[in-house]
Amino acid sequence: MHRLIVATFLVLAPLVASAQDMNAYNQALASFNAGKMEDAAPRFFELSVNATDADVRARSEYYLAQSLARKGMTVSALVTFARILDTGPNHPSYLQAVEGLVDVQQRLNEQNLVPNILDKAYTPEVQDKWVKLPKEVLARVHYLVATIRQRRGRFEEARSMLEAVPSDSRVFARASYLLGVVLADPHFPGRPTEADTLDAAALSAFRRALDAKGPQLGHDEVKQLSLLGIGRVHYGRHEYPQAVAAYEAVPRYARFWDQALFENGFARFQGEDFGGALGSLQALHAPQFEGAFQPESWILKATVYYYSCLFDEVKTTLAAYDQLYEPMAKQLEPFVGEEMDLLSSYNLVAAENRRLPAPIYLWIRNNERVQDVMRMISQVDAEKRLTTEQSQWRISGLVRELSASLEEVRGTLMQIGGRFAKSRLQEAAQNLRTFADQSEIIRVQTALDEKDLLLAGVDQKAVLKSQSIYRPKMPGAAWNYWKFQGEFWRDEIGYYQYTLKRGCPAKLQGQK
């Protein structure tokens, strides 16, 4: 009889436990449906850890993530959804967790953690399951995973995923722009023999991004980037008028306008429109861009003057470059050694600036991916504070669990941010070294050319004096001409056009 009772208990115990699990699960679900996330979250956490029923345990984990997301703790929800994906496709809420991750990514506008999580999870073994996702969710998965494949140089895979994003998706414009970038990359398979075909496909992708219909995420910025992409493809093909047209279509004072001005200067120079090149650089050097880090723009300006044999202007421009950037190079030296660890690199640009040159500090800090890390760390810190304020969560151990997870995420983000910051610091230092060398080359070559003119008995002042300067050609009847007199007017910036004399004798003009 004793054995019979024990056997009966062993058989019935799981059934009793399952009933208890379901009762607790229903109570948690009732709190969730009533919008009481501060009550639902610890209940679901308790079940996700201690429920004897595997299905209840798994579903509670999913609803814990949803409770955290609705509570505004999006990073905590991200971690919980990611844990479900790590479990694999046998988890009953596997596809729902993918949806949750995509939703969290959009709410956070997060560009590092979620794309990498999805990239890791989206293996050939599960792709047939992921096609069951809602159409828009799958489109965003393809776009986010493609961003990782593109960064890693897996261009064919990125192309395939980007081409799978349908035109009615809210990320179609972004996907089309990135597809253009992928196809235009010099390392894309098939270049250079298939360059014409790939360039045409890239231009088509950029134009689709420009013309995308319906609500699109960040469409204004995507349009600007697509115009830059079109300009770069044409520039690379030596189609300078088309490049200029694309750069000048970027709206004035838009986010990427300064980049468009800079690249337009190069396109006009290569198209031998020296006055137009100087006009773009004149706008770029206006007070509105005083804090910009644009050392190459001064080298281009000096080069334009050099090709016009305006040697005094060359010297003046190089002197301005030296005055601006030589102190920056010296100030930057202590922060670009290999001994600079990632944490120190991140803190250098995340904290209020006291040690870096202001233009370099802003150039690094305003980088989109550095901004993303800073925003995410701020969110992590806010969630850590919110977690400690939930006194009823301490009993279940949820505070301890979330605090540990958030601290781990914070450490990962600091490493990511540190890599970005260190890379940009090294890039800034290398740029300054490169352009200082180019400055010296132009300076030496200018001195040699001046010497040649003297030895040839050329009176350059007389050459210049014999020439007249005319007003630039007006684009249309509605335009007026105003001579620049040292003042930058907001409605004139971006419309400057120089007219230049040529200080080169006929022989030298043919050489330059």
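Up top is the structure these notes are about.
The present account deals with the structure reproduced in this document. (Residues numbered from 1 in each chain as written. Predicted model: local features only at pLDDT ≥ 70, side-chain atom pairs only at ≥ 80, totals over all residues. Heavy atoms only, no water.)

For the rest of this paragraph, the subject is the side chain of Thr74. For Thr74, the position within the fold is in helix 4 (residues 74-87). Taking the relative accessible area as the measure of exposure, Thr74 reaches 6% and is therefore buried. Sequence-distant contacts of Thr74, defined by excluding residues within four places in its chain, comprise Leu68, Val104, Arg107, Leu108, Gln379 and Glu383. (Helix = DSSP H or I, 4+ residues; strand = E, 2+ residues; numbered from the N terminus. Buried < 20%, exposed > 50% of the residue type's maximum accessible area, 1.4 Å probe, protein only. Contact = heavy atoms within 4.5 Å.)

A few words now on the environment of Phe274. Of note, Phe274 is situated in helix 15 (residues 274-284). Its relative accessible area of 15% is what places Phe274 among the buried residues. With 116 residues separating them along the chain, Phe274 and Gln390 place their C-alpha atoms 65 Å apart. Setting aside chain neighbours within four positions, we find Phe274 in contact with Arg268, Phe269, Val304, Tyr307, Ser308, Leu500 and Arg502.

Further remarks concern the packing of helix 16 (residues 295-307) against helix 17 (residues 311-332). Close contact between helix 16 and helix 17 brings their axes to 8 Å; oriented N to C, the two are set at 170°. The angle between helix 16 and helix 17 places the two elements in the roughly antiparallel class. In contact with Pro295, Trp298, Ile299, Lys301, Ala302, Tyr305 and Tyr306 of helix 16, helix 17 contributes Phe311, Glu313, Val314, Thr317, Leu318, Ala320, Tyr321, Leu324 and Tyr325. When its residues are assigned to classes, the contact of helix 16 with helix 17 shows 13 nonpolar, 1 polar and 2 charged. (Axes fitted to C-alpha atoms, helices over the stretch in contact; angles between N-to-C directions. Parallel < 35°, antiparallel > 145°, perpendicular 65-115°, else oblique. Nonpolar A, V, L, I, M, F, W, Y, C, P; charged D, E, K, R; others polar.)

On to the pattern of salt bridges. Summed over the entire model, instances satisfying the criterion amount to 28 salt bridges. Residues Arg154 and Glu157 are paired through a salt bridge, measuring 2.8 Å at the closest nitrogen-oxygen approach. The exposure class of Arg154 is partly exposed, given its relative accessible area of 35%. Since its relative accessible area comes to 33%, Glu157 is described here as partly exposed. Ionic pairing is found between Glu263 and Arg232, a salt bridge with its closest N-O pair at 2.6 Å. In this pair, Glu263 sits in helix 14 (residues 257-270) while Arg232 sits in helix 12 (residues 219-236), placing the two residues 31 residues apart along the sequence. Among the residues examined, Arg232 registers a relative accessible area of 39% and is labelled partly exposed. (Salt bridge = Lys/Arg side-chain N within 4 Å of Asp/Glu carboxyl O.)

Moving on, we get to the state of the cysteines. For the coordinates displayed, the defined rule picks out 1 disulfide. Here Cys309 pairs with Cys504 through a disulfide, and the sulfurs are 1.9 Å apart. Between Cys309 and Cys504, the S-S dihedral sits near 100°, and the bridge is therefore right-handed. Linking Cys309 in the loop between helix 16 and helix 17 with Cys504 in the loop between helix 22 (460-465) and helix 23 (506-511), this pair joins segments that are 195 residues apart in sequence. Classification of Cys309 as buried rests on a relative accessible area of 0%. Residue classification places Cys504 among the buried positions, given a relative accessible area of 1%. (Disulfide = S-S within 2.5 Å.)

So, on to the nonpolar core. Ranked by internal contacts, the top residues of the largest apolar core, which has 140 residues, are Leu85, Leu118 and Trp130. Each residue touching Leu85, except ones within four places of it in the same chain, is listed here: Tyr94, Ala97, Val98, Leu101, Ile117, Leu118, Ala121 and Trp130. Leu227, Ala243, Val244 and Ala260 belong to the second largest nonpolar core, which has 9 residues in total. (Core = buried A, V, L, I, M, F, W, Y, C linked by side-chain atoms within 4.5 Å.)

The N-to-C vectors of helix 2 (residues 37-50) and helix 3 (residues 54-70) enclose an angle of 150°; their axes lie 8 Å apart at closest approach. Classified by the angle between their axes, helix 2 and helix 3 sit roughly antiparallel to one another. Once helix 2 is placed against helix 3, the crossing between them reads as left-handed. Taking contact as the criterion, the partners of Met37, Ala40, Ala41, Phe44, Phe45, Leu47, Ser48 and Val49 in helix 2 are, on helix 3, Val56, Arg57, Ser60, Glu61, Tyr63, Leu64, Ser67 and Arg70. Taken together, the residues that form the contact of helix 2 with helix 3 break down as 10 nonpolar, 3 polar and 3 charged. (Left-handed = near helix turned anticlockwise from the far one by under 90°.)

As a further point, take unusual backbone geometry. The amide bond that connects Arg191 to the next residue, Pro192, takes the cis arrangement and shows omega of 5°. Position of Pro192 among the secondary structure elements: in the loop between helix 10 (172-184) and helix 11 (195-211). Positive phi values are uncommon outside glycine, yet Tyr253 reaches one of about 65°. Mapping Tyr253 onto the fold places it in the loop between helix 13 (240-248) and helix 14. Overall, the relative accessible area of 27% leaves Tyr253 in the partly exposed class. The phi angle at Cys309 is positive, at roughly 55°, despite the residue not being glycine.

Taken together, the side chains of Met474, Trp479, Tyr481 and Tyr495 define a hydrophobic patch exposed on the protein surface, amounting to about 380 Å² of accessible area. Here Met474 shows up in the loop between helix 22 and helix 23. Using a relative accessible area of 32% as the deciding quantity, one classes Met474 as partly exposed. (Patch = residues over 30% accessible without salt bridge, like charges linked within 9 Å, V, L, I, M, F, W, Y side chains within 5 Å. Areas by Shrake-Rupley, 256 points an atom, 1.4 Å probe, with all protein chains shown as cover.)

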